Amino acid sequence: MAKLATAIRNPALSGHSVGGHGVLLKVLAPASRMSLRARPAAIAALSKALGVSLPDKAKTSAAKGGRTVLWLGPDEWLVIDEAGGDPVADCAAVKGLHSAVDVSHRNVAIAVTGPNAAATINAGCPQDLSLQAFPVGAASRTVLGKVEMVLLRTGEDAFRVECWRSFSDYVYGFLSEAARDG
């Protein structure tokens, strides 16, 4: 019997980290991700299935048990599971109208931490990242330089940058340069 070849997927930017000038960049471990679209009538059932309430206000997120849900629009969320769960499978039995698409391999996450984290991101992002305008737990789809990203504030001086895998070299390079210029 012939042995089948298997593809090994290497995470983009695996193991990259750089620090200095009051900021540390670290590529985060792969996680399960789901793009979720749903009508209001399905939100309660989806929240129950996911084990975390879907946020219903702009620029908000919710987290529980290693799973984070970011509000991206009135009917759109990004679900990130860092605990080894499968959010798409968790939503499979929900009867309400929704779309749950696994986008785990589409994104790369970069942690940007330290007292100059906001300034580093603001080198290419026009969004006001002051604590008053973008508090801990705030999330939004925005831009960094020439690319779209999803930004989550995870702490007073800590952010999670989610970008498409195909743009990850650009985003990491941009943030590295901005950190050096800090």
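That block above? That's the structure.
All of the points below concern the structure found in this document. (Residues numbered from 1 in each chain as written. Predicted model: local features only at pLDDT ≥ 70, side-chain atom pairs only at ≥ 80, totals over all residues. Heavy atoms only, no water.)

## Overview of the nonpolar core
Line of reasoning, step 1. With 24 residues, the main nonpolar core has I110, V112, I121, V161 and L175 as its most contacted residues.
Line of reasoning, step 2. Within the residue set of this core, elements represented by two or more residues are strand 2 (23-27), strand 8 (107-113), helix 3 (117-122), strand 10 (147-155), strand 11 (158-164) and helix 4 (168-181).
Line of reasoning, step 3. Here this core gets four residues from one element, more than from any other, and that element is helix 4.
Line of reasoning, step 4. With residues near it in sequence (within four places) discarded, L175 still touches L25, I110, V112, T120, I121, L144 and V161.
Line of reasoning, step 5. Counting residues in hydrophobic clusters, the runner-up holds 15 residues, among them A38, L50, W71 and W77. (Core = buried A, V, L, I, M, F, W, Y, C linked by side-chain atoms within 4.5 Å. Buried < 20%, exposed > 50% of the residue type's maximum accessible area, 1.4 Å probe, protein only. Helix = DSSP H or I, 4+ residues; strand = E, 2+ residues; numbered from the N terminus. Contact = heavy atoms within 4.5 Å.)

## A word on helix 1 (residues 43-50)
Line of reasoning, step 1. Among the residues of helix 1, L46, S47 and L50 are the ones counted as buried. On an axial view of helix 1, the arc spanned by its buried residues comes to 100°, and they lie on one face. Of the exposed residues in helix 1, those oriented more than 90 degrees away from the buried face are A44 and K48. (Arc of directions from axis to C-beta.)

## Things to note about unusual backbone geometry
Line of reasoning, step 1. Unusually for a residue other than glycine, K59 sits at a positive phi of about 60°.
Line of reasoning, step 2. Of note, K59 is situated in the loop between helix 1 and strand 4 (61-64).

## Regarding the pattern of salt bridges
Line of reasoning, step 1. Following the criterion strictly, the structure yields nine salt bridges and no others.
Line of reasoning, step 2. The salt bridge partner of E76 is R37, with a shortest N-O separation of 3.9 Å. With a gap of 39 residues between them, E76 in strand 6 (residues 76-81) and R37 in strand 3 (residues 32-38) connect regions that are remote in the sequence.
Line of reasoning, step 3. According to the relative accessible area criterion, R37 is partly exposed, its value standing at 37%.
Line of reasoning, step 4. Salt-bridge contacts for R160 lead to E162; the nearest nitrogen and oxygen are separated by 2.7 Å.
Line of reasoning, step 5. The exposure class of E162 is buried, given its relative accessible area of 2%.
Line of reasoning, step 6. Here the salt bridges do not stand alone but share partners, grouping R33, E82, R160 and E162 into one network. (Salt bridge = Lys/Arg side-chain N within 4 Å of Asp/Glu carboxyl O.)

## Section: the environment of A118
Line of reasoning, step 1. With respect to the secondary-structure elements, A118 resides in helix 3.
Line of reasoning, step 2. Each C-alpha atom of the pair A118 and D157 lies 7.1 Å from the other, and the pair is 39 residues apart in sequence.
Line of reasoning, step 3. Other than its neighbours up to four places away in sequence, A118 contacts L129 and F159.

## A few points about the pairing of strand 9 (residues 139-144)
Line of reasoning, step 1. Pairing of strand 9 with strand 10, which is carried by six bridges, proceeds in the antiparallel orientation. Paired with A139 across the bridge in strand 10 is L152.
Line of reasoning, step 2. In sequence, strand 9 turns back onto strand 10 through a hairpin of two residues, with G145 there showing a positive phi of about 60°. (Pairing = 2+ DSSP bridges.)

## Focus on the packing of aromatic side chains
Line of reasoning, step 1. What the rule picks out here adds up to three aromatic pairs.
Line of reasoning, step 2. Between the aromatic rings of F134 and F159, the centroid separation amounts to 6.5 Å while the plane-to-plane angle is 20°, which identifies the pairing as stacked. In this pair, F134 sits in the loop between helix 3 and strand 9 while F159 sits in strand 11, placing the two residues 25 residues apart along the sequence.
Line of reasoning, step 3. A relative accessible area of 1% means that F159 is categorised as buried.
Line of reasoning, step 4. Between Y170 and F174, the aromatic rings sit 6.0 Å apart at their centres with planes inclined by 45°, giving tilted as the arrangement. In this pair, Y170 and F174 are both assigned in helix 4, four residues apart and thus about one turn of the helix distant.
Line of reasoning, step 5. Classification of F174 by relative accessible area gives partly exposed; the value is 23%. (Phe/Tyr/Trp six-rings, centres within 6.5 Å; stacked < 30°, edge-to-face > 60°.)

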